[in-house]
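Close look at the chain arrangement
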Amino acid sequence: MKYNRIYNFNAGPAALPLSVLEEAKESFLNFAGTGMSITEISHRSKPFDEIINDAVARTKRLLRLDESYNVLFLQGGASLQFAMVPMNCLPDGKSADYVETGTWSTKAIKEAQVLGKNINIVASSKDKNFSYIPYDAKYNAESVYVHITSNNTIKGTQWSEFPDTKGVPIVADMSSDIMSRPFDPKPFGIIYAGAQKNIGPAGVCMVIIREDMLKLVPDNLPSMLKYTTFSSSNSLYNTPPCFSIYIIQLVLKWLEETIGGLDKIEVINKEKAKLLYDIFDSGNFYKGTATPDSRSLMNITFRLPSEELEGKFIQEATKNGLGGLKGHRSVGGCRASIYNATTLEGVKALTDFMKIFEQNNG
Ligand SMILES: *Cc1c(COP(=O)(O)O)cnc(C)c1O
């Protein structure tokens with residue numbers, strides 16, 4: 001392949017569109033005729049203003065957000081949002097609902113508890129090793145928000161439909177599936193996503209926050225931990241991660257102009273995932289770990305008949321130019337992360353390899 005690149009199934013940081021990397025390569029030496037690298041220009045300059053404003057505008061168009069939503073670029077990863085959400089938006093004396101669906105939601109719950117916040121774990125799929133989404137959860141009408149993880153990167157599950165919380169704002173960690181499919185944003189008060197899975201490189205977290213949630217932010221928080229600091233400064237209170245924001249802008253441009261938006265990418269994402277799930281459903285060698293109604297279109301987790309075969313599978317796949325197929329260190333097994341930038345061609349190469357491996361080892 002071009003530049004000797006492999007088919008990359010890493011969970012995050014993950015594959016980026018080749019055209020984005022090529023454009024970034026040019027900009028790394030001389031960005032848009034400025035005579036400076038994209039990493040050398042001021043965050044207070046006109047060229048950077050255009051980058052960040054374009055990234056915000058594209059986010060709003062792609063997700064069909066109305067003017068009540070602010071798009072912010074923060075540091076500290078999605079992990080800092082586990083704390084910032086309750087610090088900013090869960091007043092003392094009030095409570096919030098949390099749905100526990102895997103490693104990341106467990107961490108979000110822990111951070112809220114560390115802060116001494118009052119939270120209800122309204123549903124959990126821990127009883128079956130987080131292999132399903134608890135669609136039948138009941139939510140409390142008096143809660144300030146309901147926190148969910150839209151896609152569980154490690155366990156390979158995803159909300160196929162978002163819950164009806166009867167008007168209570170949903171706060172969603174969409175780190176591993178933002179921009180992978182269209183959805184109605186209206187029920188959402190906050191959406192946050194570490195960029196390094198589906199929209200860019202590491203170092204920046206996109207936070208989409210609605211005006212009513214901003215009204216909950218208390219005065220007595222450090223500036224850097226307050227949403228309003230960033231909403232009132234277009235994410236330019238201090239030096240933002242300029243390069244990461246630039247790559248996000250290019251990825252969103254690719255998504256809008258080359259792919260044609262979220263309706264289009266969803267079709268491609270479904271087609272890619274189906275190729276893999278069809279293998280699990282038509283044989284016994286590869287076994288998917290997620291229950292069918294909760295299967296992720298982004299992270300496909302599976303097991304082989306033995307750990308020994310899994311080791312051999314990952315090793316031989318790597319030799320064949322298929323990388324990043326090892327499951328998360330906490331769960332073992334195999335995982336193919338097939339985010340937006342992973343091509344259909346790449347997934348076909350993987351499924352072809354899987355069929356041959358089964359023939360030789362089944
Ligand atoms: C990767 C991931 C995180 C952690 O993101 P960081 O940016 O590393 O803090 C949180 N939630 C989900 C769903 C993830 O996939």
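All residue numbers refer to position in the chain's written sequence, counted from 1. With pLDDT at 70 or above as the cut-off, local features in this predicted model cover only qualifying residues; side-chain atom pairs require 80 or more to be listed or tallied, and sums for whole chains, interfaces and linings still use all residues. Side-chain metrics rest on all non-hydrogen atoms present in the structure, leaving aside hydrogens and water.

A few words on helix α1 (residues 18-29). In an α-helix there are 3.6 residues to a turn, and that puts residues three or four apart on one side. Segments assigned H or I by DSSP are reported as helices when at least four residues long, segments assigned E as strands when at least two residues long, and all are numbered from the N terminus. In this analysis, the expected span of each helix is defined as 1.5 Å times one less than the number of residues it contains. Helix length check: α1, at twelve residues, gives a terminal C-alpha distance of 18 Å against a target of 16 Å (1.5 Å per residue), a fit within 8%. Within α1 the residues assigned to the buried category are Val-20, Ala-24 and Ser-27. The buried residues of α1 occupy one face: seen down the axis, they fall within an arc of 60°. Facing away from the buried side of α1 by more than 90 degrees, the exposed set consists of Lys-25, Glu-26 and Leu-29. Residues of α1 that are buried make contact with α7 (242-259). Note on exposure labels: buried denotes an accessible area under 20% of the residue type's maximum, exposed denotes more than 50%, and partly exposed covers the range between, all computed with a 1.4 Å probe on protein chains only. Taking the helix axis as origin, the arc is that swept by the directions to the C-beta atoms. Should any heavy atoms of two residues lie within 4.5 Å, those residues are counted as being in contact.

Turning our attention to the site of the ligand. Looking at the ligand, there are 13 residues lining it, with Ser-79, Thr-153, Asp-173, Gln-196 and Lys-197 nearest. Residues adjacent in sequence count toward polar contacts only when both atoms are side-chain atoms; beyond that, a polar contact is any pair of N or O atoms within 3.5 Å, and within protein one must be able to donate a hydrogen and the other to accept it. Separating an oxygen atom of the ligand from a side-chain N or O atom of Ser-79 is a distance of 2.6 Å. With respect to the ligand, the side chain of Thr-153 contributes an N or O atom lying 2.4 Å from an oxygen atom. It is helix α3 (residues 77-89) that contributes the most residues to the shell around the ligand, four residues altogether. Distances are taken per atom, and a residue is near a molecule or strand as soon as one of its heavy atoms is within 4 Å of it.

Now for the pattern of salt bridges. Any Lys or Arg side-chain nitrogen found within 4 Å of a carboxyl oxygen on Asp or Glu counts as a salt bridge. All told, the structure shown has 17 salt bridges when counted by the stated rule. Note that Asp-164 is salt-bridged to Lys-166, the shortest N-O span being 3.5 Å. Lys-166 carries the same exposure label as Asp-164, and that label is exposed. Residues Arg-210 and Asp-212 are paired through a salt bridge, measuring 2.7 Å at the closest nitrogen-oxygen approach. On the basis of relative accessible area, Asp-212 is assigned to the partly exposed category, the value being 33%. What you see here is one network of salt bridges that share partners, running through Asp-54, Arg-58, Arg-61, Glu-256 and Glu-257.

Further remarks concern the nonpolar core. By size, the foremost hydrophobic cluster in this structure holds 54 residues, and its most contacted members are Phe-73, Ile-178, Met-179, Met-206 and Ile-208. With eleven residues, the top contributor of residues to this core is α7. Those residues in contact with Ile-208 that sit more than four places away from it in its chain are Thr-59, Leu-63, Leu-65, Tyr-69, Asn-70, Val-71, Ile-178, Gly-189, Ile-190 and Ile-191. By nonpolar core is meant a set of buried Ala, Val, Leu, Ile, Met, Phe, Trp, Tyr and Cys residues that side-chain atoms within 4.5 Å join together.

Let us look at the domain arrangement of the protein. Partitioning the protein into structural domains gives domain 1 (22-259) and domain 2 (261-361). Residue ranges for the domains originate in an automatic or database domain assignment. A separation of 27 Å is found between the C-alpha centroids of domain 1 and domain 2. Every contact between the two is made by 27 residues of domain 1 and, on the other side, 27 residues of domain 2. Buried area adds together the accessible area that both of two parts lose upon being put together, with accessible area traced by a 1.4 Å probe. Summing both sides of the interface, domain 1 and domain 2 together bury roughly 2100 Å²; the carbon and sulfur share of this comes to 54%. On the domain 1 side of the interface with domain 2, the three residues burying the most area are Ile-154, Pro-182 and Ile-259, jointly 23% of the side's total. The partner of Arg-64 in a salt bridge is Asp-263, and the shortest N-O contact between them spans 3.2 Å. Viewed at the interface, domain 2 and domain 1 are joined by 15 residue pairs in polar contact (both at pLDDT 80 or more). Looking at the side of domain 1 that touches domain 2, the elements that each hand over two or more residues are α2 (46-63), β7 (157-158) and α7. Examining the composition of the side of domain 1 that touches domain 2, we find that four residues originate from one element, α7, more than from any other.

As a further point, take the layout of surface pockets. Lining residues are defined by having an atom within 4 Å of a point belonging to a cavity or pocket. Those points lie on a 1 Å grid over the protein atoms alone, cavities being sets where a 1.4 Å probe fits but cannot get out and pockets being open sets with protein on both sides within 12 Å along at least five of seven lines. Grid points are joined across faces, edges and corners, and a volume is the space filled by probe spheres set on the points. Here the largest pocket is characterised by a volume of approximately 440 Å³. Forming the walls of the largest pocket are 22 residues, and the residues nearest its centre are Arg-5, Leu-16, Leu-18, Ala-341 and Thr-343. Where the lining of the largest pocket is concerned, the elements lending two or more residues are β1 (7-8), α7, α8 (262-282) and α10 (344-361). Side-chain classes are defined by residue name, with Ala, Val, Leu, Ile, Met, Phe, Trp, Tyr, Cys and Pro counting as nonpolar, Asp, Glu, Lys and Arg as charged, and the others, Gly among them, as polar. Among the residues making up the lining of the largest pocket, the classes are represented as 14 nonpolar, five polar and three charged. Its volume calculated, the second largest pocket comes out at about 280 Å³. Looking at the second largest pocket, it is lined by 19 residues, and the ones nearest its centre are Gly-12, Trp-104, Thr-153, Gln-196 and Lys-197.

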